[in-house]
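Residue-level structure breakdown
Listed below, chain by chain, are the residues.
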Amino acid sequence: MQGRVGKNSGKRSPGTGEAPSHGTGTLFVGDGYIDLDGWIGENAAHSHLAFQLSIGLDGPIELIGDETRLVADAILIAPNTRHWIGPVGRRVRSIYVEPQLSWARIFAGRLDGRRMISGATELIALADRPNAADDSRATRLRALIENAPAEQGPREWARAWNLSPSRFRALCVELLGAPPIRLRQWARLKTAARALMDGAGPAEAAATAGYADQAHFTRQLRRWFGVSPARGLASFRIRAAR
């Protein structure tokens, strides 16, 4: 099994003579999803709580999981699936969808219990968000965690829903695919991305999002996306829903 994507040849980004070693492009942070359009940079093994749909825009992409390797025009990945993406220099659109969205239920139905699947036309069509209603309980649960004061934690959140901490944790996993602490980490990552969009540096963005320090922010980003803030976000044009 290969350990890292990043040495494949792949097409070059416009205006350069070689494939970029870091991701570049546009990243949009929406309400419950992230939409990235750019060129693949070097990345380490990572996993995150969102469904991921990646579409190669100038050729096939490669996804390597712990037990699976897929090469295709489009690949759909289940949450919490450890993987690498390549080849470096390939232009890709990747959509990261949180479990409370109706979009995610469509993705889950297509995966049907599998960790990742490949395809072309039928998966590319999933890139357009449906008009169906999102899960209202999951949306309210996510809003509670994302908007909670930094000094609050799972016990206070559980109390707000009149649940025991253990039942609240189970509800988070059921509706949002992760325990409450991981959901707060995901929310902080989105807050940091918005701060970077507004011109903050990595240290200021980390503080704005509630990280203990920039190193904590760096570890979280590397764990979930396989990159550091400097290599993973600095070259992206970041936009966000307000």
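The preceding data block contains the structure.
Here the structure is a predicted model, which means the values were calculated and not measured.

With mixed pairing, seven strands are arranged side by side in an open sheet as β9-β6-β3-β8-β2-β1-β10. Each having just a single partner strand, β9 (116–119) and β10 (236–240) make up the two edges of the open sheet. Ignoring which end each strand starts from, the neighbouring axes of this sheet average 15° apart. In this sheet, strand β2 (residues 33–39) lies alongside strand β1 (residues 24–29) in antiparallel orientation, the contact comprising six bridges. Looking across to β2, one finds that Val-29 is bridged to Ile-34. Those strands touched by helix α6 (residues 180–197) are β1, β2 and β10, and its axis lies near 110° from that of β10.

As a volume, the largest pocket reaches approximately 200 Å³. Along the wall of the largest pocket there are 15 residues; nearest its centre are Ile-145, Glu-146, Ala-148, Arg-188 and Ala-209. Contributing elements (two or more residues each) for the lining of the largest pocket: α3 (136–147) and α6. For the lining of the largest pocket, the leading source of residues is α6, giving six residues. When the residues that make up the lining of the largest pocket are grouped by side-chain class, the tally is seven nonpolar, three polar and five charged.

Attention now moves to the pattern of salt bridges. This model, assessed by the stated rule, comprises twelve salt bridges. Arg-93 serves as the salt-bridge partner of Asp-35, at 2.6 Å between the closest nitrogen and oxygen. Placement of the pair is Asp-35 in strand β2 and Arg-93 in strand β8 (residues 91–97), with a sequence separation of 58 residues. The partner of Asp-134 in a salt bridge is Arg-129, and the shortest N-O contact between them spans 2.6 Å. Among the residues examined, Asp-134 registers a relative accessible area of 27% and is labelled partly exposed. Each member of the salt-bridge network shares a partner with another, and the members are Asp-31, Glu-98, Arg-142, Glu-146 and Lys-190.

The rules behind each value
Residues numbered from 1 in each chain as written. Predicted model: local features only at pLDDT ≥ 70, side-chain atom pairs only at ≥ 80, totals over all residues. Heavy atoms only, no water. Pairing = 2+ DSSP bridges. Helix = DSSP H or I, 4+ residues; strand = E, 2+ residues; numbered from the N terminus. Axes fitted to C-alpha atoms, helices over the stretch in contact; angles between N-to-C directions. Contact = heavy atoms within 4.5 Å. 1 Å grid on protein atoms, 1.4 Å probe; cavity = no way out; pocket = protein on both sides within 12 Å on 5 of 7 lines; lining within 4 Å. Points joined across faces, edges and corners; volume = space filled by probe spheres on them. Nonpolar A, V, L, I, M, F, W, Y, C, P; charged D, E, K, R; others polar. Salt bridge = Lys/Arg side-chain N within 4 Å of Asp/Glu carboxyl O. Buried < 20%, exposed > 50% of the residue type's maximum accessible area, 1.4 Å probe, protein only.

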